[in-house]
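Single-letter residue listing:
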Amino acid sequence: MQVSSLAPEPYILILTGGGLLIALVAWLPLALKRLPLSLPIVCIGIGAAIFSLPAVTLRPLPLDYPELTERFTEFVVIIALMGAGLKLDRPFSWRKWGVTWRLLAITMPIGILAITAMGGWLLGLSWIAALLLAASLAPTDPVLASDVQVGPPKTGEEDEVRFGLTSEAGLNDGFAFPFVHLAIALGLAATTGKPWAGQWLLHNVLWEISAGLIGGWLIGRLFGWLTFHVPADTKLAKTGDGLIAISATFVSYGVTELIHCYGFLAVFVTALTLRRSHRDHEFNRQMHDITEQVERLAMMVLLLLFGGALVSGLLRPLELVDVAAAVAILLIIRPVGGLIALAGFKARFSEKMTLAFFGIRGVGSFYYLAYGLNHMELTVGERLWAIVGLVALLSILLHGLTVTPVMRQLDKSVGRDPDVDDATPSPSLQGPSST
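These remarks concern the structure in this document. All of these numbers come straight from a predicted model, not from anything done at the bench. (Residues numbered from 1 in each chain as written. Predicted model: local features only at pLDDT ≥ 70, side-chain atom pairs only at ≥ 80, totals over all residues. Heavy atoms only, no water.)

1. Points about the pattern of salt bridges
The criterion, for reference: Think of a salt bridge as a Lys or Arg side-chain nitrogen and an Asp or Glu carboxyl oxygen that are within 4 Å of each other. Numbered from the N terminus, helices here are DSSP runs of H or I no shorter than four residues, and strands are runs of E no shorter than two. Each residue's exposure class comes from its accessible area (1.4 Å probe, protein chains only) as a fraction of the maximum for that residue type: buried when under 20%, exposed when over 50%, partly exposed otherwise.
Per the counting criterion, the structure on display carries eleven salt bridges. Note that glutamate 67 is salt-bridged to arginine 71, the shortest N-O span being 3.2 Å. Residue glutamate 67 and its partner arginine 71 are both found in helix H3 (residues 66-87); the two are separated by four residues, about one turn of the helix. Under the relative-accessibility criterion, glutamate 67 is labelled partly exposed at 44%. By relative accessible area, arginine 71 is classed as partly exposed at 43%. Aspartate 289 is paired through a salt bridge with arginine 285; the nearest N and O atoms lie 3.2 Å apart. In this pair, aspartate 289 and arginine 285 are both assigned in helix H11 (residues 283-311), four residues apart and thus about one turn of the helix distant. With relative accessibility at 27%, the residue aspartate 289 sits in the partly exposed group.

2. With respect to the environment of glycine 83
Cut-off, in case you're wondering: Two residues form a contact once any of their heavy atoms are found within 4.5 Å.
Tracing the backbone shows glycine 83 in helix H3. What makes glycine 83 buried here is its relative accessible area of 4%. Taking C-alpha positions, glycine 83 is 7.5 Å from alanine 271, a pair spaced 188 residues apart along the chain. In this structure, glycine 83 is in contact with His288 and Thr291, ignoring residues within four places of it in sequence.

3. A short note on the nonpolar core
Put simply, the rule reads: Each nonpolar core is a collection of buried residues, namely Ala, Val, Leu, Ile, Met, Phe, Trp, Tyr and Cys, held together in the definition by side-chain atoms within 4.5 Å.
Core analysis: the largest hydrophobic core is formed by 114 residues, its most contacted members being Leu133, Leu303 and Phe306. By residue number, the principal contributor to this core is helix H15 (residues 381-413), which donates twelve residues. Sequence-distant contacts of phenylalanine 306, that is, excluding residues within four places in its chain, are made with Ile44, Leu314, Phe366, Gly389, Ala392, Leu393 and Ile396.

Purely spatial values, then, with no claim about function.
Written out as structure tokens, the structure is:
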């Protein structure tokens, strides 16, 4: 009688691991809801444990897989941007989004300037490498910030702090891209001697931002019409299939990237426009839920790989001064920049401090650094990845351990029970009545 090999087939192992991962995606957020612990922390720990096993020989270091790193992080970010845009109950207006403009126009440029200066003078990087590092680390992350973002559509979890952090994370990923391109342009100019300022200003700033905004709006209008306003027998909202949000994500990103503008910005604007098409419709919740599930699954896979990269030597090139710089970015540069931007803003100091403190870094920073290094020649790639990896790790630990008690205390201070899930939005946050 033939005895089969005792070694399990890789296919069976992948199926089993995938099933366990999906179970964790569904269960862990509930288990961690009241604990000072976040899902990303658990994922990184699991990834580190898996890739520490002698039988696992893969070493998921980003410089070894540059194209895959760029594309996978890109995918995770665009899904998160669609989810963030669909969450927002507050109608768009310059006045109601005042906290967002402050964080975008003041806090992010302060961060870019401060990190660039620190990279050039303190870390001894070239100014081009310092600028790329700053552009990668200045924007907050829409993927890892779910615990400080607003709740699903029409749940009422949209105080000024949660709204500010969600809208900032949705928009600053697009507005940080010109600075990544500036570093690339300067790097190319240093080797070729060609003029760069006109091309960067006209194309990377004016064209790519304006075309991203307009393209995202047009695609959002199209999907809003198909979803809510075509004749009753063919409107997509009747299907109850929230996968249309994933379709809108891919179409928005793909079409706008084809015309060479900022797809990140376009996806978030598409989500806002799609939500605005029928703000109170229950189908918004279905679209949000499917987007969130895909986002969490992709995020967990990425963080498992990040945990594997950490135990594979991602942080090995770090110098002592790099560690000090990473701490300064999280505890000094972002909070100070946030408080400067919020000076004169009508909010309690505890709310301003929360907005300033929770500048979470993560997957967006990974994407920008991978993109920058894939489009220019730098000899300090390993060190840049070590610094960005350390900042992301410290951010995940610091913000992950503090977010639950801080946000629960914030809810209690305004009279909201943090343990109630079915809150009704206040009249100021409700959209127009459905017909």
